[in-house]
Amino acid sequence: MRIDIITVSPELIQSPFDHSIIKRARDKGFVEVHFHNLRDYALNNYGKIDDYQFGGGAGMVLMIEPIDAIISKLKAEREYDEIIYMTPDAPTLTQQTANTLSLKKNIMILTGHYKGVDQRVRDAYVTKEISIGDYVLSGGELAAAVLSDSIIRLIPGVLGDETSALTDSFQDGLLSPPVYTRPSEFNGMKVPEVLLSGNFPKIDEWRSEKAYEITKRVRPDLLDEE
Ligand code: ADE
């Protein structure tokens, strides 16, 4: 997979791609990530990429010309499965979306800033819009990092133990059950007996029950969706 990220702050977004599972996925060639600084496509030598909004109102809007320049350049080089715009006024990211995107070949992610991008960018180029939650960030960079992380770890082969992504929260529509490790007792707090029993059908049953219980308690909306 190849991910191209367009941003006004490449420094803000790079670090999460240089650690842990995502770094290993890059090192092993499962994913290539390229960052493009929108300022390199600015209209003038002062690096102009934004302007006041027509009709008045606070906040600057990213202009269409620099975005057109970078998107057109990238599109001329390869075909993109999706051109994604990160914005709070969009459907919320779900595990299902991450699953689907993890099977794509080339993805472009555009991150907004200030008041966002000129609507014509969204109308003309963007094929999918994603929010990472009902709150507003200073820019789309962190949202793009979150989206990319959720996708990259699902690329077949990235996680050593294939089953571990399958047992993540949300994969079966439920939250994950609790996990424990050694010691089996700490300051009087004991690990549930069943997990030490070696009886795997019973353990599976316990995990399913707990997953349902936790989902019902903290995210009943997930059960309503079924
Ligand atoms: N940009 C600003 N806030 C955002 C959000 N919640 N999701 C995606 N992009 C954003």
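Worth saying up front: this structure is predicted, and the values here are computed from it rather than measured.

## So, the overall build of the protein chain
Within the protein chain, the regular secondary structure consists of nine helices and nine strands. Burial statistics for the protein chain: of 226 residues in total, 39% are counted as buried. Counting only contacts in the protein chain whose residues sit at least 6 apart along the sequence, the fraction spanning at least 24 positions is 75%. With the model as given, the accessible surface of the protein chain reaches about 13300 Å², and the carbon-plus-sulfur share is 52%. Taken as two groups, the 25 positive and 35 negative side-chain charges of the protein chain have centres that lie 3 Å from each other.

## Comments concerning unusual backbone geometry
Here arginine 182 and proline 183 are connected by a cis peptide whose omega angle stands at 5°. Position of proline 183 relative to the elements: it lies in the loop between helix H7 (162-166) and strand S8 (185-186). The phi dihedral of serine 20 is positive, around 55°, even though this residue is not glycine. Even without being glycine, asparagine 187 reaches a positive phi, approximately 45°. Mapping asparagine 187 onto the fold places it in the loop between S8 and strand S9 (189-190). For asparagine 187, a relative accessible area of 68% translates into the label exposed.

## A word on the pairing of strand S5 (residues 82-86)
The element S5 is largely enclosed, with a buried count of five among its five residues. Burial of S5 is two-sided: the residues Glu82, Ile84 and Met86 facing one way and the residues Ile83 and Tyr85 facing the other way are all buried. Inspection of the sheet shows S5 paired to strand S6 (residues 106-111) by five bridges, in the parallel sense. Paired with methionine 86 across the bridge in S6 is threonine 111. Between S5 and its parallel partner S6, the chain crosses via helix H4 (residues 95-101), and the hand of that crossover is right-handed. Two elements, S5 and strand S7 (residues 128-130), share three bridges in a ladder whose sense is parallel. Note that in S7 the partner of isoleucine 84 across the bridge is lysine 128.

## Looking at the site of the ligand
Taken together, 13 residues lie near the ligand, and Thr87, Ile132, Gly133, Tyr135 and Leu137 sit nearest. The contact in question runs from a nitrogen atom of the ligand to an N or O atom on the backbone of tyrosine 135, over 2.8 Å. Alone, the ligand offers 270 Å² of accessible surface; in the complex the protein occludes 96% of this. Residues belonging to the shell around the ligand are distributed by class as follows: eight nonpolar, five polar and no charged.

## Here's the deal with the domain arrangement of the protein chain
By the assigned domains, the protein chain splits into domain 1 (2-152) and domain 2 (167-224). Each of domain 1 and domain 2 has a C-alpha centre, and these two points are 36 Å apart.

## Considering the nonpolar core
Across soluble globular proteins, you tend to see nonpolar side chains buried next to one another. Ile5, Phe17, Met86, Ile109, Leu147 and Ile152 are the most contacted members of the largest nonpolar core, which has 23 residues in total. Elements that contribute at least two residues to this core include exactly strand S1 (2-7), helix H2 (20-27), S5, S6 and helix H6 (141-152). For this core, the element with the most residues is H6, which contributes six residues. Excluding residues within four positions of it along the chain, isoleucine 152 makes contact with Ile3, Phe17, Ile22, Ala25, Val31, Val33 and Val158. With 18 residues, the next largest nonpolar core counts Leu74, Tyr80, Tyr85 and Val126 among its residues.

Definitions and limits used
Residues numbered from 1 in each chain as written. Predicted model: local features only at pLDDT ≥ 70, side-chain atom pairs only at ≥ 80, totals over all residues. Heavy atoms only, no water. Helix = DSSP H or I, 4+ residues; strand = E, 2+ residues; numbered from the N terminus. Buried < 20%, exposed > 50% of the residue type's maximum accessible area, 1.4 Å probe, protein only. Contact = heavy atoms within 4.5 Å. Areas by Shrake-Rupley, 256 points an atom, 1.4 Å probe, with all protein chains shown as cover. Lys, Arg positive; Asp, Glu negative; His and termini not counted. Charge placed at Lys NZ, Arg CZ, Asp CG, Glu CD. Pairing = 2+ DSSP bridges. Right-handed = clockwise from strand over helix to strand, strands pointing away. Near = heavy atom within 4 Å. Polar contact = N/O pair within 3.5 Å; in protein donor to acceptor, adjacent residues only side chain to side chain. Nonpolar A, V, L, I, M, F, W, Y, C, P; charged D, E, K, R; others polar. Domains from an automatic or database assignment. Core = buried A, V, L, I, M, F, W, Y, C linked by side-chain atoms within 4.5 Å.

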